[in-house]
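# Examination of the molecular architecture
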Amino acid sequence: GAPAGQILAEKHFEGDAERRTIEGHRRGVPVRAHFERTTQKVGKHTSVREQVALHAGGDGEIPRGLSVRRDTVGRSLTRLVSGQDEDIGDAGFDGFVELAQLDEYVCAALSQHARELLVELLRGGGELRDGVLTLEEEAGMEHGGAWLEQQIELFAQLGAELSVLPSTLHRRLAQNAVAD
């Protein structure tokens, strides 16, 4: 196996689409970046579409019940009927996100620093669903190697911050109670 901090690279080519996946562990968190370039010819014109998908978590250390996405007016109206949004007592965070479930593991995961990083992810179009961080977007010239490295590090940092094990649950709850 590879050292815990090493990112492994693998490259795939299929038809007219170029696909690359980079996966491994960073900060003890499983991370994966998938890049896909599709070329389509129509007459004399060729169009190129590039897409990047980043994922972190999914190993059970980020609580599976933890799902957070950016709040919208439509979701707010739906929740008036369903009542499926939890508040954690941080007005800025609560007003910006939709939090589907609140249990002791979710409370332990959502430290002040984790909430700040989550808001940054959500502002960039990402989400956290069932313990997996995800960001999918169209790629362009600004999405080079440095951007990808920065995003992988952000995902790993956030994944590590959100990770809660049974052995760390009580300590994390106590730390959050003191810090918040």
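Residues numbered from 1 in each chain as written. Predicted model: local features only at pLDDT ≥ 70, side-chain atom pairs only at ≥ 80, totals over all residues. Heavy atoms only, no water.

### Some words on the confidence of the model for the chain
For the chain, the mean per-residue pLDDT works out to 82, and 79% of the residues sit at or above 70. The secondary-structure element of the chain with the lowest mean pLDDT is helix H1 (residues 73-82), recorded at 50, while helix H3 (residues 104-109) shows the highest, at 95. Low pLDDT, under 50, characterises residues 1-5; the predicted model gives this stretch five contacts beyond four residues in sequence or across chains. (pLDDT = per-residue confidence, 0-100. Helix = DSSP H or I, 4+ residues; strand = E, 2+ residues; numbered from the N terminus. Contact = heavy atoms within 4.5 Å.)

### Digging into the packing of helix H4 (residues 112-123) against helix H5 (residues 145-162)
Packing of H4 against H5 leaves a shortest axis separation of 9 Å and a crossing angle of 140°. Comparing the axis directions of H4 and H5 gives the class oblique. Crossing of H4 against H5: the hand is left-handed. Taking contact as the criterion, the partners of His113, Ala114, Leu117, Leu118, Glu120 and Leu121 in H4 are, on H5, Leu154, Phe155, Gln157, Leu158, Glu161 and Leu162. Partitioning the contact of H4 with H5 into residue classes produces eight nonpolar, two polar and two charged. (Axes fitted to C-alpha atoms, helices over the stretch in contact; angles between N-to-C directions. Parallel < 35°, antiparallel > 145°, perpendicular 65-115°, else oblique. Left-handed = near helix turned anticlockwise from the far one by under 90°. Nonpolar A, V, L, I, M, F, W, Y, C, P; charged D, E, K, R; others polar.)

### What about the pattern of salt bridges?
By the definition in use, this model includes twelve salt bridges. With a closest N to O distance of 3.1 Å, Glu153 and Arg26 form a salt bridge. Of this pair, Glu153 sits in helix H5 while Arg26 sits in strand S2 (residues 17-26); the two residues are 127 residues apart in sequence, bridging distant segments of the chain. On the basis of relative accessible area, Glu153 is assigned to the partly exposed category, the value being 24%. For the salt bridge of Glu153 with Arg27, the shortest nitrogen-to-oxygen distance reads 2.6 Å. (Salt bridge = Lys/Arg side-chain N within 4 Å of Asp/Glu carboxyl O. Buried < 20%, exposed > 50% of the residue type's maximum accessible area, 1.4 Å probe, protein only.)

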